[in-house]
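Each chain, letter by letter, is given below.
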Amino acid sequence: MCNLTRVRQALTTLVFLLPPSRLKVTLLNRLGHDVHPTARIGICFVQRVDRFELAEGVLINHFNVFRDLALVQLGRGSRIFMFNWILGDSGYEPGMSEGENRRTLRMGSFSHIISHHYLDCGAGLLMGDNCWITGIRSTVLTHAFDPVAGTMLLEPVTLEDGSVVATCCTLLPGTVVGARALVGAGSTTWTGQQVVTETLSGGVPARRLTPITISPEAYNRARFDS
């Protein structure tokens, strides 16, 4: 890493410690990030993050941690509430190629991450539009040790459009939560699990329980309107 990159990352750390303001947005854009003027960014701890891309109406509330990430990309009206740990440390595993999703958090339009979650984005956490990680204390893992091969597994976790992860869940590497599916509270997916579209899945390990139709009103809570 060159000295210029280190300086830019250090300045980004300092700017994120400022309270929300137009000046904060301006400074981040001067540092090479892409932040819409309507984005509101709270006091957060940011360390070694290469780039933020924050669209219209984005909210990042206070006291979140972002560390060792290549990209944080939030679509229109997306929101991250408080006390979340969003980390890309596992993306530095030796011998792993730097793919397009490595050390990346991508959120589509009107997606939400509530509070007190631990999100490992080393291989990428990819959220479509209108996705929710609700409640508290859910864990997303994109890396795991493979005891058979004796190597580190790095696979992104994907939430397709309209999918919901309830409180206190664990999603293991390679999980794909299908569109408009709900992972029930306290559930654990297995590595590479495909959660079926428009179903409620739950348990440890999570299994298909019943078809479900999520009310459109659920997606309109705390929604940004320009």
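Starting from 1, residues in each chain are numbered consecutively following that chain's sequence as written. It should be noted that, the model being predicted, local features are given only for residues of pLDDT at least 70 and side-chain atom pairs only at 80 or more, the latter also being counted only at that level, while totals for whole chains, interfaces and linings use all residues. Side-chain numbers here rest on the full set of heavy atoms in the structure, without hydrogens or water.

1. Remarks on the packing of helix H1 (residues 3–16) against helix H2 (residues 22–30)
Each pair of packed helices can be summarised by the angle the axes make with each other and by the distance between the axes. Throughout, an axis means a line fitted to C-alpha atoms (over the contacting stretch in the case of helices), and angles, computed between N-to-C directions, take values from 0 to 180 degrees. The helix and strand labels rest on DSSP assignments: H or I over at least four residues marks a helix, E over at least two residues marks a strand, and numbering proceeds from the N terminus. Running from N to C, H1 and H2 cross one another at 170°; their axes reach a closest spacing of 10 Å. For the element pair H1 / H2, the angle class is roughly antiparallel. Contact with H1, carried on its side by Thr12, Val15 and Phe16, involves Lys24, Leu27 and Leu28 of H2 and no other residues of that element. Every angle not falling under 35 degrees, over 145, or within 65 to 115 is termed oblique; those three ranges are roughly parallel, roughly antiparallel and roughly perpendicular. Contact between two residues is taken to exist if any of their heavy atoms lie within 4.5 Å; hydrogens are not considered.

2. Focus: the sheet that holds strand S20 (residues 170–171)
Any two strands with at least two DSSP bridges between them are considered paired. One open sheet accounts for six strands, arranged S3-S6-S9-S12-S15-S20; its pairing is parallel. Each of the sheet's edge strands pairs with one partner strand only, and the pair in question is strand S3 (45–49) and S20. Of the strand pairs in this sheet, S3 and strand S6 (residues 65–69) are connected by four bridges, and their pairing is parallel. If you follow valine 46 over to S6, its bridge partner there is phenylalanine 66.

3. Some points on the pattern of salt bridges
Salt bridge, as used here: a side-chain nitrogen of Lys or Arg that lies within 4 Å of a carboxyl oxygen of Asp or Glu. Enumeration over the complete set of coordinates arrives at seven salt bridges. Note that arginine 76 and glutamate 56 form a salt bridge whose closest N and O atoms lie 3.0 Å from each other. With arginine 76 in the loop between strand S7 (71–74) and strand S8 (79–80) and glutamate 56 in the loop between strand S4 (52–54) and strand S5 (59–60), the pair connects residues that are 20 residues apart, well separated along the chain. Partly exposed residues are those whose accessible area sits between 20% and 50% of the maximum for their type, while under 20% is buried and over 50% is exposed, using a 1.4 Å probe and protein chains only. A residue is classified by how much of its surface remains accessible, and glutamate 56, at 23% relative accessible area, is partly exposed.

4. Let's talk about unusual backbone geometry
Residue proline 205 follows valine 204 across a cis peptide bond; omega there is -5°. Relative to the helices and strands, proline 205 is located in the loop between strand S24 (199–202) and strand S25 (207–211). The backbone of phenylalanine 63 sits at a positive phi, close to 65°, despite the residue not being glycine. Its place among the elements puts phenylalanine 63 in the loop between S5 and S6. With a phi close to 65°, histidine 116 is a non-glycine residue in the positive phi region. Tracing the backbone shows histidine 116 in the loop between strand S11 (112–113) and strand S12 (118–120).

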